[in-house]
Every structure is written in structure tokens, then in C-alpha cells.
Amino acid sequence: MKSIPQISDAEWHVMKVLWEGSPMTAMDVIKQLGDSQSWKPKTVKTLLRRLVDKKAIAFTVEGRTYRYHTLIKENECIRSETESFLKKVFDGSFNLLVKNFIKQESLSSDEILELKKILEDNEK
């Protein structure tokens, strides 16, 4: 498995936009983020540059336009972040994570049934 770079919370917002619609120009990303973030265009361009430096995204040049696209898949990033979180917070124990979650949250009957189904499907 290739190495997945550490992506900051702000960079995640940019990555989500690119996963949904790349290739995109910086202006496309800025417009997409406009509703959810109040960042200035320079901030978004800085985040794009950082993601290029981290090799999470790349770009192609068409005339004077840069079109950005992802180099890593969303599910790969999610898996990497999950593993990092488990190691950092729960010493790598998925069981501790689930136990803590169940103790802290009030699960509905539907959620409990869904968890049971996931566990049963995982046994097969």
C-alpha cells in the first residue's frame, strides 16, 4: 500500500471537493467551498499547493489554467486516518473504540440492529 500523507482538517475540505468532481480549477474549488467555508481565494490556493507538495493531488496545465486532480483515493485516506486515530487514542484497539462509543452514545434499536448485522456479515 502506498504511503498516504497526513492531511489537515482544512485540506480535507479541499480533498472532498476534488474527490467529488476532479479535475477542477482553483476557481472551481473556491466556488464549491464558498457555501461551506468563508476562505479567501488565496487560502484555497495555498491549501491546493500544500496538497500538491504532499503528493495528495497533482495538476495539469492547459494554457494558463491549472486543473487539479487527486492522486489518492478517498477510501485510502479514510483507512489511513482511521488507523492513525486508533493507534493514537486507543492503542490500536478497535474493541476499545467500539466499547467507548457504545458507552458514550445512546444507540437506537435500529442502530443496534445495524451493528449486529455488520458484525454478522463480517463473520462470514
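This text goes with the structure placed above it.
Residues numbered from 1 in each chain as written. Predicted model: local features only at pLDDT ≥ 70, side-chain atom pairs only at ≥ 80, totals over all residues. Heavy atoms only, no water.

Moving on, we come to the nonpolar core. Of all hydrophobic cores here, the largest spans 22 residues; its most connected members are Ile 7, Val 14, Met 15, Leu 18, Val 29 and Leu 48. Elements with a contribution of two residues or more to this core: α1 (9–21), α2 (26–34) and α3 (41–53). With six residues, the top contributor of residues to this core is α1. Those residues within four positions of Met 15 in sequence are excluded, and the remaining contacts are Ile 7, Leu 51, Ala 56, Ile 57, Thr 70 and Ile 72. (Core = buried A, V, L, I, M, F, W, Y, C linked by side-chain atoms within 4.5 Å. Buried < 20%, exposed > 50% of the residue type's maximum accessible area, 1.4 Å probe, protein only. Helix = DSSP H or I, 4+ residues; strand = E, 2+ residues; numbered from the N terminus. Contact = heavy atoms within 4.5 Å.)

Further remarks concern the environment of Trp 39. Positionally, Trp 39 belongs in the loop between α2 and α3. Taking the relative accessible area as the measure of exposure, Trp 39 reaches 26% and is therefore partly exposed. If near-sequence neighbours (up to four positions away) are discounted, Trp 39 is found in contact with Ala 10, His 13, Val 14, Leu 33, Val 44 and Leu 47.

Take a nonpolar patch on the surface next. A cluster of nonpolar side chains, Phe 101, Ile 102, Leu 115 and Ile 118, forms an exposed patch at the surface whose accessible area comes to about 350 Å². Counting only elements with at least two residues in the nonpolar patch, the list comes to α5 (94–104) and α6 (109–123). (Patch = residues over 30% accessible without salt bridge, like charges linked within 9 Å, V, L, I, M, F, W, Y side chains within 5 Å. Areas by Shrake-Rupley, 256 points an atom, 1.4 Å probe, with all protein chains shown as cover. Salt bridge = Lys/Arg side-chain N within 4 Å of Asp/Glu carboxyl O.)

Attention now goes to helix α4 (residues 74–90). Here α4 contains 17 residues, and its C-alpha end-to-end distance of 23 Å stays within 8% of the 24 Å for a straight helix at 1.5 Å per residue. Inspection of α4 places Glu 76, Cys 77, Ser 80, Leu 86 and Phe 90 among the buried residues, and these make up the whole buried set. Following α4 by one or two positions, Asp 91 adopts a phi angle in the positive range, close to 50°. (Expected span 1.5 Å × (residues − 1).)

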